[in-house]
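Fold and contact review
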Amino acid sequence: MNNCSQVKVGIADIKTAKQPQMLMTSGLGSCVGLVIYDETLSVAGLAHIMLPDSSLSRQNDFKVGKFADTGTDELINLLLKEGSKITNLKAKIAGGAQMFKTTSGNKLNIGNKNVLAVEEKLNQIGIPIVSKDIGGHNGRSIEFNLETFKLKIRTVYQGVSFI
Amino acid sequence: MGDLFNLKNIHLDLLKEVGNIGAGNATTSLSNLLSVPVQMSVPTVKVVSFDEMVELTGGPEEVMATTFLEFSGDFTGNVFFFISPDQADQFVQILIQDEQQSILNDDQKLAHSAFLELGNILTGSYLRALSDFLQVNLYAHVPNATVDMAGAIMTQGLIETSVVSDYSIIIETVFQSEHFKQDIKGHFFLLPDPGAFEKIFDRLGVK
C-alpha cells in the first residue's frame, strides 16, 4: 500500500487504500471502475476493468485487472488480505459508456458487456452494489473517499456528482 | 512483451514511413481544405503501455476533440485525429464561415457535423495513402467524432490489442500551423491491431 494521499489506478490496474487515502482513476470510457470497500475497516480497492471476460485473452500472462472476472477476484483477494470479511464488502461501479455510436468486433457494445460482467460476478459472490453510474456516451473520472464512502464522478459535460 | 513487439530498427523505420505517408496525405488534405500552410513532424513509433499511450495525448482527463476511424480489410486498426477543442473550433469556424459556432457547445449541431466531416476527410485520406502505399485493401468504417476525455477515447482503440497484450504500438505524427489566430498543434495516431504488423512487414518485404 502506498502512503500518498491520492492513490491513482491506471488502465487494467488494481490498487487498495486505507483512510485517509483517496482512490482514483481517470478517463473511464467503456472501461468500468469497480470500487469494493469495507466500512468496518475503512479499506477499499479500485479496479480499472477493460474487458468482460478473461477467456477473451489470447495470452497466458496478462494483467488480471484487465478483465471483469479476474479483476474482481483479485480485488476481493487483496481486501481479504487486509483483514476484511467477505460479508462486510460492498461495491460501487461507474463507467461502461459507449463512446462511439458505431464500432465493431470486440468493441461492439463493450461498455455494456463490461458492466454486465462485473454485476454478474458481484452477484455470484454476494457483494451488494450500493450505487452505480453507468452507460451513456461520455467519459468519467472517479474518486473514492474512504471517510464518507462516496464515489465522486466527474464528466466533461455533466460536471460532478456523488453516488 | 512477447513476440509481437520483437521489433528491430528496420521495422520501426518502416512503421515511421507508413506514418509519414499516411499523415503526409492527411496534412495535405487539411492544408487544401483550409487554404493555409500546415507543417508535419517526422512520425514517432513507440511501444507503450496503455497508460503511457494515454499520456501521449496529454493525459487521461485532458479534453480533446477526436475523430476515430476504424478500418478493416487485409488488416484491421484505427486512425485517430486529435486536437484541442478550441483549436478544432478554429477549423470549424473557417469551414462553416460562422465565428459563433463551437464544438464545446453540445447544441451546435452544425459545428459538430463540420468537425466530423473534417475528421472524416483527414482520417480517410490517411487511410487511403496507407492502402496505396502498402497495396492492400483497407475499408473505412463509419467515422465517429466526439469531444471528451482523452483516456476514455483512446482506450477504444486499445480493445483489440488488449486481448493479446498489455502493450501497444502507436505511430504518432504531430502537425502544426501558425497561420491561425492561435497556433495549432494536432495529432494523428495510427493504431494497428496486433495482427496487422506481420502483414505490413510482409507487404514491404521484411520478415
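Residues numbered from 1 in each chain as written. Chains lettered and ligands numbered in written order. Predicted model: local features only at pLDDT ≥ 70, side-chain atom pairs only at ≥ 80, totals over all residues. Heavy atoms only, no water.

**Details of the layout of surface pockets**
If you roll a probe as big as a water molecule over the atoms, it shows you where there is empty space left. Put simply, the largest pocket is a space of about 520 Å³. In this structure, the largest pocket is lined by 19 residues; those nearest its centre are A:Lys101, B:Asp106, B:His112, B:Ala145 and B:Thr146. Those elements that place two or more of their residues in the lining of the largest pocket are helix H4 (109-134) and strand S6 (144-149) of chain B. Of all the elements, H4(B) adds the most residues to the lining of the largest pocket, at 5 residues. Partitioned by chemical class, the residues of the lining of the largest pocket number 9 nonpolar, 7 polar and 3 charged. (1 Å grid on protein atoms, 1.4 Å probe; cavity = no way out; pocket = protein on both sides within 12 Å on 5 of 7 lines; lining within 4 Å. Points joined across faces, edges and corners; volume = space filled by probe spheres on them. Helix = DSSP H or I, 4+ residues; strand = E, 2+ residues; numbered from the N terminus. Nonpolar A, V, L, I, M, F, W, Y, C, P; charged D, E, K, R; others polar.)

**Quick look at the pairing of strand S7 (residues 167-177) of chain B**
Residues and elements named next belong to chain B. For S7, the tally of buried residues reaches 9 of 11 residues, placing the bulk of the element in the interior. Here strand S1 (residues 39-40) runs beside S7; their pairing, made up of 2 bridges, is antiparallel. Across the sheet, the residue bridging to Met40 is Phe175, located in S7. Across 7 bridges, the pairing between S7 and strand S8 (residues 184-192) is antiparallel. Opposite Glu172, over in S8, you have Phe189 as the bridge partner. Connecting S7 to the antiparallel partner S8 that follows it, the hairpin turn spans 6 residues. (Buried < 20%, exposed > 50% of the residue type's maximum accessible area, 1.4 Å probe, protein only. Pairing = 2+ DSSP bridges.)

**Quick look at the packing of helix H1 (residues 9-34) of chain B against helix H3 (residues 85-96) of chain B**
Residues and elements named next belong to chain B. Put simply, H1 and H3 touch, their axes get as near as 10 Å, and they point 50° apart. Comparing the axis directions of H1 and H3 gives the class oblique. Each of Leu30, Leu33 and Leu34 in H1 lies in contact with H3, whose residues at this interface are Phe91, Ile94 and Leu95. (Axes fitted to C-alpha atoms, helices over the stretch in contact; angles between N-to-C directions. Parallel < 35°, antiparallel > 145°, perpendicular 65-115°, else oblique. Contact = heavy atoms within 4.5 Å.)

**Thoughts on helix H2 (residues 110-125) of chain A**
In a regular helix each residue adds 1.5 Å, so 16 residues correspond to 22 Å; H2(A) covers 23 Å between its end C-alpha atoms and thus fits that length. For H2(A), the set of buried residues is A:Ile110, A:Gly111, A:Asn114, A:Val115, A:Ala117, A:Val118, A:Glu119, A:Lys121 and A:Leu122. Tucked inside the fold, the buried residues of H2(A) contact strand S4 (32-38), strand S5 (43-49), helix H1 (68-81), strand S6 (89-95) and strand S7 (129-134) of chain A together with helix H6 (159-162) of chain B. Just downstream of H2(A) lies A:Gly126, where phi reads positive at about 90°. (Expected span 1.5 Å × (residues − 1).)

**Observations concerning the sheet that holds strand S8 (residues 140-145) of chain A**
Residues and elements named next belong to chain A. One open sheet holds the 5 strands; their spatial order is S1-S3-S8-S9-S10, and the pairing between them is mixed. With one partner strand each, in any of the chains shown, strand S1 (6-8) and strand S10 (159-162) form the two edges of the open sheet. Across this sheet, the average inter-strand angle for adjacent strands is 20°, counted without regard to direction. Pairing analysis gives 4 bridges linking S8 to strand S9 (residues 151-155), with the strands arranged antiparallel.

**Focus: the pattern of salt bridges**
Residue and element names in this part refer to chain A. Under the definition given, this model contains 8 salt bridges over all chains. Where Arg140 meets Asp133, a salt bridge forms, and the shortest distance between an N and an O atom there is 3.1 Å. Exposure remark for Arg140: the relative accessible area of 6% places this residue in the buried category. Note on Asp133: relative accessible area 23%, which makes it partly exposed. (Salt bridge = Lys/Arg side-chain N within 4 Å of Asp/Glu carboxyl O.)

**As for the packing of H1(A) against H2(A)**
All names here are of chain A. Closest axis-to-axis distance for the H1/H2 pair is 9 Å, and the angle between their directions is 45°. By the angle between their axes, H1 is oblique relative to H2. Every pair of crossing elements has a handedness; the one defined by H1 and H2 is right-handed. Contact with H1, carried on its side by Ala68, Asp69, Thr72, Asp73 and Ile76, involves Ala117, Val118, Lys121, Leu122 and Ile125 of H2 and no other residues of that element. Classifying every residue of the contact of H1 with H2 by side-chain character gives 6 nonpolar, 1 polar and 3 charged. (Left-handed = near helix turned anticlockwise from the far one by under 90°.)

**A few points about the UniProt feature "domain: CheC-like protein" (unreviewed entry) in chain B**
Residue and element names in this part refer to chain B. When the UniProt feature table is mapped to this numbering, "domain: CheC-like protein" (unreviewed entry) covers residues 10-46 and 113-144. Secondary structure within residues 10-46 divides into 68% helix and 14% strand; the distance between the first and last C-alpha atoms comes to 14 Å. The straight-line gap between the two end C-alpha atoms of residues 113-144 is 10 Å; of that span, 69% is helix and 12% is strand. (UniProt positions renumbered as here; feature names shortened; annotations may be inferred.)

**Overview of unusual backbone geometry**
That bond from A:Gln19 to A:Pro20 is cis: its omega, 10°, falls within 30 degrees of zero. Along the polypeptide, A:Pro20 turns up in the loop between strand S2 (14-18) and strand S3 (22-28). Positive phi values are uncommon outside glycine, yet A:Ser42 reaches one of about 55°. Tracing the chain through its elements places A:Ser42 in the loop between S4 and S5. Among the residues examined, A:Ser42 registers a relative accessible area of 14% and is labelled buried. In this structure, B:Gln97 takes a positive phi of about 55° despite not being glycine. Along the chain, B:Gln97 turns up in the loop between H3 and H4. By relative accessible area, which is 70% here, B:Gln97 ends up exposed.

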